Amino acid sequence: MRNKTGIFESFPFWLRSDSFLIVLTSIWIVSTSNLTFFSLFERAYPWQDGYAFSWFVVVVLYVAVSSLLLGLLAWGRLTKPVLVFFLVLSAVSAAFMDSYGVVLNTEMMRNVVHTNVAEAFDLLNWRFAIYFVVLAVLPATVVWRWKTVQLGWRKVLLHRVVLMASLLALIVALGAVSSGFLISFARNDKKIRKYMNPMYPIYSTIKFSRQMRGAGAEAGSLRLIGEDAQIAPEDKTRDLLVLVVGETARADHFGINGYERDTTPELRKANAISLTDFEACGTSTAYSVPCMFSSAGAARYTPESATREENLLDVLLHAGVHVVWLDNNSSSLGVAERAEFIDFRTSANNHLCDEECRDEGMVLALQRIINRYREGDIVIVLHQMGNHGPAYYKRYPPAFENFSPACHNKDLGQCSREEIVNAYDNAIAYTDHFLGKVIEVLRDNDDEFETALFYFSDHGESLGEGGIYLHGMPKSIAPKAQTHVPGILWFGSAAKRIDTEALRRDSHKARSHDNIFHTVLGFLEIESEVYKPELNILRDATHPRSALLEPSSSSNNGADKARR
């Protein structure tokens, strides 16, 4: 009986070594999972413009460094599992980078941790499935079935040492002959380098893990701030502030900011004030939301420090303010850890749920929450689902499809840019409707409170400009679409002590998330050592209480109602 020889057993000895399989896997990953990297590199260094040798150097170095990394990690029985892991990691990373142009930095890793199941499924589509099958499943099957020659540990070690030494020699040689170009590339093209797959995702994951470990080590010690907070003695009125945390809204798509479409008719009708030059702290929800409520400011803020220090809501609680957080997004990201939190992503609390639970459902609960408190100031935070992508069409009820045709596919690559923008603008229009409903509730309470609405989005969104979609780019290289966000102020009965016209005249001034902490404290007239009046947007437009006590204005809209 003839012995059957498998296809792999017929290969020469060197083709059946672990070293060859490692190099082959590296070549596959570099050549198939780095389309975004090479497309950006080609724009910066067109090979036909004299950069052919630079292309050769970069490609060979990329393969050599990848092989070196795999050679350090893939040993013995772990060789195939390690290679399969890297194939899967590279394929998943490539699917997101090639589809949305995103960078998988530490903030993206933070988003992954905080993303719920529904949001994760919105990111999965047929393109992702094709990427996963072609770039991960098929090559992983080949790797797993590859019949490598079995050698003793001494020979395995010798072969690996030869491989590593050869790779290092190649890296050094190429670095020496092309040092000028490589140094220039390393210094001037950080944006391109952030798309190196799987190098940068691995770097980001390690960096994020270290940050999380550092935060966990100090999680037991919470730094208290604003314990001295108290409402100014001369303030005898009750304040009702609704603070809306928007989601993924970019300022240049708000009609109130001059956008060609009237996406904000309710805000315009309410005569709201738009802060037209407002900058986000970061480009992702997980980063920006805690930053919005932090006293640190963008320059000193880190997500890890936010978990170790009290925030704006804690200072309000120290001052005796009633604070409630209503959430129709993933969570408060730790901001409402010590305040009352109500989840509106469930039909048990939200009575407006169809394809998903609607932001407007939070409005229906407002009056009930306000009625609970017969004394004291009230601050209610509404955390929207807003314009969370890529499934913008899910963010608004069908009745709000004013701009069509709208993209009804979570794979944005299947839609034209016009369809994507239409769906996004429909979601903005629904947010405007939502804010209009909040304003109606506040107006109903004007006689008992000094009322106001503050709306700030956590970050913006790219809609395909330059091939970039969604958000989460490193802020240093992020397009303005991801950092320029709407900041909206509306005053009901509180307008008697706020010079709204002065605010409107100054609405073009540069503001940022740094101002939120101190503007809220200033509006509520809370005194504390953590309050910085120079960061209070309302400071120069607020009338002194002494002026309001004059006979001509002493009986304005319930101003004499006792706070306690």
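From a predicted model like this one, the values you see are computed outputs, not experimental measurements.

Explain the overall build of the protein to me, and be specific about the residues and the numbers.
Regarding its fold elements, the protein presents 21 helices and 13 strands. Among the 564 residues that make up the protein, the fraction classed as buried is 55%. Here the analysis covers contacts within the protein between residues at least 6 apart in sequence; of these, 78% occur between residues at least 24 apart.

I'd like to hear about the pattern of salt bridges, residue by residue, with values.
Any two side chains of opposite charge can pair, so long as their charged atoms come close to each other. Overall, the coordinates contain 21 salt bridges when judged by the stated rule. Arginine 261 is paired through a salt bridge with aspartate 425; the nearest N and O atoms lie 2.7 Å apart. Taken together, the positions of arginine 261 in the loop between strand S2 (239-246) and helix H12 (265-269) and aspartate 425 in helix H17 (residues 417-444) put the pair 164 residues apart, joining distant regions of the chain. According to the relative accessible area criterion, arginine 261 is partly exposed, its value standing at 22%. Judged by its relative accessible area of 0%, aspartate 425 falls in the buried class.

Tell me what's going on with the sheet that holds strand S8 (residues 450-457), and back it up with residues and numbers.
Spatially, 7 strands are ordered S3-S11-S8-S2-S7-S5-S6 in an open sheet, and the strand pairing comes out mixed. The open sheet terminates on both sides in strands that have one partner only, identified here as strand S3 (273-275) and strand S6 (340-343). Averaged over all pairs of adjacent strands, the angle between strand axes in this sheet comes to 15°, irrespective of strand direction. Bridging between S2 and S8 involves 8 bridges; their strand directions are parallel. Residue pairing in the sheet places valine 245 in a bridge with phenylalanine 456 of S8.

Break down a nonpolar patch on the surface for me, citing the residues and quoting the values.
Among the surface-exposed residues, Trp28, Ile130, Phe132, Val133, Val134, Val137 and Leu138 lie close enough to one another that they form a single nonpolar patch of about 560 Å² accessible area. If you tally residues by element for the nonpolar patch, the top one is helix H7 (residues 126-145), at 6 residues.

Give a description of the nonpolar core that names residues and reports values.
Counting 89 residues, the largest nonpolar core has Phe37, Leu326, Leu382, Val438 and Leu453 as the members making the most contacts within it. Top element by residues in this core is H17. It accounts for 13 residues. When residues no more than four places from it in sequence are discounted, the contact partners of leucine 382 are Val242, Leu243, Val244, Val245, Leu326, Met362, Leu366, Phe434 and Val438. Counting 49 residues, the second largest nonpolar core, distinct from the first, contains Val245, Ala319, Val323 and Phe517.

Mind laying out the pairing of strand S11 (residues 487-491), listing which residues take part and the relevant values?
Working note: regular strand, side chains alternate between the two faces of the sheet. A large share of S11 lies buried, amounting to 5 of its 5 residues. Burial of S11 is two-sided: the residues Gly487, Leu489 and Phe491 facing one way and the residues Ile488 and Trp490 facing the other way are all buried. With 3 bridges joining them, S3 and S11 adopt antiparallel strand pairing. Bridge assignment links isoleucine 273 to a residue of S11, and that residue is leucine 489.

Describe the confidence of the model for the protein, naming the residues involved and giving the relevant values.
When pLDDT is averaged along the protein, the result is 88, and 89% of the positions lie at 70 or above. Here residues 551-564 is a poorly scored stretch, pLDDT under 50, and it has 33 contacts once near neighbours within four places are set aside; other chains count.

Quick rundown of the packing of helix H1 (residues 18-32) against helix H3 (residues 52-73)? Include the residues and the values.
Where H1 contacts H3, the two axes come as close as 9 Å, and the packing angle between them is 130°. The angle between H1 and H3 falls in the class oblique. Crossing handedness for the pair H1 and H3: right-handed. Of the residues in H3, those in contact with Ile22, Val23, Thr25, Ser26, Ile27 and Val30 of H1 are Tyr62, Val63, Ser66, Ser67, Leu70 and Gly71. In the contact of H1 with H3, the residues fall into 7 nonpolar, 5 polar and no charged.

Could you give an account of unusual backbone geometry, naming the residues involved and the relevant values?
A cis amide bond, omega 10°, links asparagine 197 with the succeeding residue proline 198. Examined against the element boundaries, proline 198 turns out to sit in the loop between helix H10 (190-193) and helix H11 (199-217). For the peptide bond that leads from glycine 389 to proline 390, omega is 5°, which places it in the cis range. Within the element layout of this structure, proline 390 appears in the loop between strand S7 (378-383) and H17. Phi at threonine 248 takes a positive value of approximately 60°, unusual for a residue other than glycine. Among the secondary structure elements, threonine 248 is positioned in the loop between S2 and H12. Taking relative accessible area as the criterion, threonine 248 reaches 0% and is therefore assigned buried. In this structure, leucine 333 is a non-glycine residue whose phi angle is positive, near 55°. You can see leucine 333 is positioned in the loop between strand S5 (322-327) and S6.

Here is what the cut-offs are and how they apply
Residues numbered from 1 in each chain as written. Predicted model: local features only at pLDDT ≥ 70, side-chain atom pairs only at ≥ 80, totals over all residues. Heavy atoms only, no water. Helix = DSSP H or I, 4+ residues; strand = E, 2+ residues; numbered from the N terminus. Buried < 20%, exposed > 50% of the residue type's maximum accessible area, 1.4 Å probe, protein only. Contact = heavy atoms within 4.5 Å. Salt bridge = Lys/Arg side-chain N within 4 Å of Asp/Glu carboxyl O. Pairing = 2+ DSSP bridges. Axes fitted to C-alpha atoms, helices over the stretch in contact; angles between N-to-C directions. Patch = residues over 30% accessible without salt bridge, like charges linked within 9 Å, V, L, I, M, F, W, Y side chains within 5 Å. Areas by Shrake-Rupley, 256 points an atom, 1.4 Å probe, with all protein chains shown as cover. Core = buried A, V, L, I, M, F, W, Y, C linked by side-chain atoms within 4.5 Å. pLDDT = per-residue confidence, 0-100. Parallel < 35°, antiparallel > 145°, perpendicular 65-115°, else oblique. Left-handed = near helix turned anticlockwise from the far one by under 90°. Nonpolar A, V, L, I, M, F, W, Y, C, P; charged D, E, K, R; others polar.

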